[in-house]
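Spelled out, the chains give:
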Amino acid sequence: MGAVLTPEKTDGRVLLRLANISDSQDMLAWRNDPVTRQFSFSTEEVSLKEHQSWFKKAIFDPNKVIYIAEKKSAKIGMVRLDKGEESAVISINLNPEFRGLGLSKSILFESIKEFRKTNLLPIIAEIKHENVVSLKLFESCGFTKISEEKSKVILRR
Ligand SMILES: CC(C)(COP(=O)(O)OP(=O)(O)OC[C@H]1O[C@@H](n2cnc3c(N)ncnc32)[C@H](O)[C@@H]1OP(=O)(O)O)[C@@H](O)C(=O)NCCC(=O)NCCS
């Protein structure tokens, strides 16, 4: 896949590409960030060994799509979609250094746009009630609540 968000389209701001093996370390660091863990459903730190084995399979798994967003060659974050039979589950995790800068909406929006080029599955987001920033983000990208459970809100687009 070529660049999805070209510099021309985004004033040189953000580029989106598929993840490759060179992203393994960054993805592990973002995954083990304390805030990410706080808002994940599995809050344990992931070991290097566990991550490497998962990541090597994940990037070649036809049912997973992982986009990496970059800005001036700095990695801003990732969006992952896990395809199931009836829907795809989406998650987003930004590099902690680039959070709170208003970049998440375009990254999420463009990831969905790219995914939709080849997949028409409904997209589901599962978000902890207390993750207000993420709830706000997904709602601003057109997701609507379809149900609530004790630990999470489920949204669909
Ligand atoms: C969730 C996440 C992707 C959001 O990215 P971000 O860079 O922190 O958020 P942004 O700066 O783009 O802001 C997104 C929205 O939240 C709002 N927001 C940001 N910080 C906020 C805060 N502390 N309190 C309330 N709203 C806040 C912004 O104003 C913006 O809303 P708007 O578009 O209506 O103005 C990022 O925080 C992250 O990676 N978190 C850890 C992983 C995670 O929780 N992933 C989601 C699980 S699916």
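Structure shown above.
None of these values were measured; they are calculated from a predicted model.

K.L.:
Looking at this structure, I do not really get the nonpolar core. What am I missing?
P.N.:
Soluble globular proteins tend to bury their nonpolar side chains together. Counting 30 residues, the largest nonpolar core has Tyr67, Ala69 and Met78 as its most contacted members. Listing elements by their share of this core, those giving two or more residues are β1 (15–18), α2 (24–31), β2 (64–71), β3 (74–83), β4 (88–94), α5 (104–116), β5 (123–128) and β7 (152–156). It is β2 that provides the largest number of residues to this core, a total of 5 residues. Among residues more than four places away in sequence, those in contact with Tyr67 are Leu16, Arg17, Leu18, Ala19, Met78, Val79, Ser111 and Glu114.

K.L.:
Any chance you could explain the packing of α2 against helix α4 (residues 48–58) here in plain terms?
P.N.:
Working note: a packed helix pair is described by the angle between its axes plus the distance between those axes. It is at 10 Å that the axes of α2 and α4 come closest, and there the two elements cross at 125 degrees. The orientation of α2 relative to α4 falls into the category oblique. Along this stretch, α2 crosses α4, giving a crossing that reads as right-handed. Contact residues: Ser24, Met27 and Leu28 in α2; Leu48, His51, Gln52 and Phe55 in α4. Grouping the amino acids of the contact of α2 with α4 by side-chain chemistry returns 4 nonpolar, 3 polar and no charged.

K.L.:
Looking at this model, I keep getting lost on the pairing of β2. Mind explaining?
P.N.:
It is a general feature of regular strands that their side chains alternate between the two faces of the sheet. Where β1 lies against β2, 4 bridges are found, and the strand directions are antiparallel. Paired with Arg17 across the bridge in β2 is Ile68. In this sheet, β3 lies alongside β2 in antiparallel orientation, the contact comprising 8 bridges. Paired with Lys71 across the bridge in β3 is Ala74.

K.L.:
Where do I start with the sheet that holds strand β6 (residues 144–148) in this structure?
P.N.:
One key point about sheets: their strands pair by backbone hydrogen bonds, in either a parallel or an antiparallel sense. Spatial strand order, β1-β2-β3-β4-β5-β7-β6: 7 strands in an open sheet with mixed pairing. Strands at the two margins of the open sheet, each flanked by one partner only, are β1 and β6. Neighbour to neighbour, the strand axes of the sheet diverge by 30 degrees on average, direction disregarded. Sheet strands in contact with α2 are β3 and β4, and its direction is about 85 degrees off that of β3.

Reading guide: rules and limits
Residues numbered from 1 in each chain as written. Predicted model: local features only at pLDDT ≥ 70, side-chain atom pairs only at ≥ 80, totals over all residues. Core = buried A, V, L, I, M, F, W, Y, C linked by C-beta atoms within 7 Å. Buried ≥ 20, exposed ≤ 12 C-beta atoms within 10 Å, placed from the backbone. Helix = DSSP H or I, 4+ residues; strand = E, 2+ residues; numbered from the N terminus. Contact = placed C-beta atoms within 7 Å. Axes fitted to C-alpha atoms, helices over the stretch in contact; angles between N-to-C directions. Parallel < 35°, antiparallel > 145°, perpendicular 65-115°, else oblique. Left-handed = near helix turned anticlockwise from the far one by under 90°. Nonpolar A, V, L, I, M, F, W, Y, C, P; charged D, E, K, R; others polar. Pairing = 2+ DSSP bridges.

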